[in-house]
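Notes for the structure review
Read off the chains here:
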Amino acid sequence: MALKVLITGAAGQIAYSLLYSVAKGDVFGKEQALSLVLLDIPPMMGVLEGVVMELQDCALPLLTEVVATSDEAVAFADIDAAMLVGAMPRREGMERKDLLAANVKIFKSQGAALDKYAKKSVKPMSHGLLSFKVVIVGNPANTNALICKKYAPSIPASNFSALTRLDQNRAQAQLAGKLGVAVEGVYEAVQDDNWLNNEFISSVQQRGAAVIKARKLSSAMSAAKAIGDHMRDWWFGTQSRWVSMGIISDGNTYGIPEGLIFSFPLTVGEDRSWKIVDGLDISDFARENSNLHMNDSASSKWIHHIFIVA
Ligand code: NAX
């Protein structure tokens, strides 16, 4: 049976890479048939039509259906997984509060649609968790995830997450470069504290800006890859690997206040339940950074530091 996967912001640039990757089986497996539901706003329906044509022209064997819509009632009905990529972009001269207000409106509406139309009472897994998963990508991702969760009160908070995997992937690539190994080979600790506390952190923090400067467009291919990594690891489990995901804090781990969506190091079991990797030593430097970024979607940075010093 086909999985129904919703991707919002489907006419945007991240979705342009993400759709192909999902549709050819990178995320839910090479055997899994897919019905893709693409949501964007009404003025983008013409562009979305072109994207649908291209998806069809890829002649992908797993893709059984593509639905393009601007109607949330259609988009959120009976989904198995959702990647909420679309959000209000920050325009020149826009203050943070204006951006937040616009996004509150979007994620309030999408949370309510999830609550009302998603497959929440169907297919609970054997351990009682609901099978469907939601990752919020649109920035500020942590805040947007919190709003979305708030307006979907009948869906357990553990089914929501915010994307912070791009920071993890960027960090991993920087470390691999420093150690002179392939990305999969980053197990060895980097001993150079000065490099870690300065060049490493700032290069990961400023990577997005560096891509914009060079490409005149924000990261899209790497963002799509990170979304795919995030969802695949949640769907199939991570075994002993640690991954970064923004999830709801229970207030008992690393001193992060209860109810915040925060990026923790996690493992995910075969039953798709995540478990925070607890008990790692956090240096004063890392803790200071955590406080600095507490309200920021970049809050994962300090955790990456832990990956290295642990
Ligand atoms: P684009 O501007 O290319 O695409 C966004 C799309 O979302 C547009 O087609 C727009 O019409 C659509 N959209 C707007 N409101 C919508 C709504 N209510 N329902 C459905 N669709 C809607 O942006 P893109 O480069 O694709 O980036 C998308 C989002 O990802 C941005 O908010 C961006 O800041 C965020 N990112 C988050 C990252 C993270 O780590 N969490 C990293 C990558 C990315 O920057």
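In what follows, the structure referred to is the one given above.
Analysis parameters
- Residues numbered from 1 in each chain as written.
- Predicted model: local features only at pLDDT ≥ 70, side-chain atom pairs only at ≥ 80, totals over all residues.
- Heavy atoms only, no water.
- Helix = DSSP H or I, 4+ residues; strand = E, 2+ residues; numbered from the N terminus.
- Buried < 20%, exposed > 50% of the residue type's maximum accessible area, 1.4 Å probe, protein only.
- Areas by Shrake-Rupley, 256 points an atom, 1.4 Å probe, with all protein chains shown as cover.
- Near = heavy atom within 4 Å.
- Polar contact = N/O pair within 3.5 Å; in protein donor to acceptor, adjacent residues only side chain to side chain.
- Nonpolar A, V, L, I, M, F, W, Y, C, P; charged D, E, K, R; others polar.
- Core = buried A, V, L, I, M, F, W, Y, C linked by side-chain atoms within 4.5 Å.
- Contact = heavy atoms within 4.5 Å.
- Axes fitted to C-alpha atoms, helices over the stretch in contact; angles between N-to-C directions.
- Parallel < 35°, antiparallel > 145°, perpendicular 65-115°, else oblique.
- Left-handed = near helix turned anticlockwise from the far one by under 90°.

Re the overall build of the chain
Across its full length, the chain carries eleven helices and nine strands. Considering the chain as a whole, with its 310 residues, one finds that 48% of them fall into the buried category. Accessible surface, the chain: about 14,700 Å² in total, of which carbon and sulfur atoms supply 54%.

Let's talk about the site of the ligand
Around the ligand, 22 residues are found, and the nearest of them are Gln13, Ile14, Asp40, Val137 and Asn139. Gln13 places a polar main-chain atom, nitrogen or oxygen, 2.9 Å from an oxygen atom of the ligand. In this structure, Asp40 approaches the ligand through a side-chain N or O atom, which is 2.6 Å from an oxygen atom. When the free accessible area of the ligand is taken as 880 Å², the share hidden by the protein chains comes to 81%. Contributing elements (two or more residues each) for the shell around the ligand: helix 1 (13–23) and helix 4 (96–117). In the shell around the ligand, the residues fall into 13 nonpolar, eight polar and one charged.

Quick notes on unusual backbone geometry
Most peptide bonds take the trans form, and the phi angle of most residues other than glycine is negative. Along the chain, Asn139 connects to Pro140 via a cis peptide bond; the corresponding omega equals -5°. Here Pro140 lies in the loop between strand 5 (133–136) and helix 5 (141–150). Phi at Asp78 takes a positive value of approximately 55°, unusual for a residue other than glycine. Inspection of the secondary structure puts Asp78 in the loop between helix 3 (72–75) and strand 4 (81–84).

A short note on the nonpolar core
Of all hydrophobic cores here, the largest spans 52 residues; its most connected members are Ile7, Phe28 and Met83. Sorting elements by how many residues they give to this core places helix 9 (residues 221–236) first, with seven residues. Setting aside anything within four residues of it in sequence, one finds Ile7 in contact with Ala15, Leu18, Leu19, Val22, Val37, Leu38, Leu39, Met83 and Val85. Counting 25 residues, the second largest nonpolar core, distinct from the first, contains Leu39, Ala118, Ala141 and Ile155.

A word on the packing of helix 6 (residues 165–179) against helix 7 (residues 193–205)
Where helix 6 meets helix 7, the closest approach of the two axes is 10 Å, and the angle between their N-to-C directions is 130°. Regarding the angle of helix 6 to helix 7, the classification is oblique. Where helix 6 crosses over helix 7, the handedness of that crossing is right-handed. Contact with helix 6, carried on its side by Asp167, Arg170, Ala171, Gln174, Leu175 and Lys178, involves Trp195, Leu196, Phe200, Ser203 and Val204 of helix 7 and no other residues of that element. A per-class count over the contact of helix 6 with helix 7 returns six nonpolar, two polar and three charged.

Read these as geometric descriptors, not functional statements.
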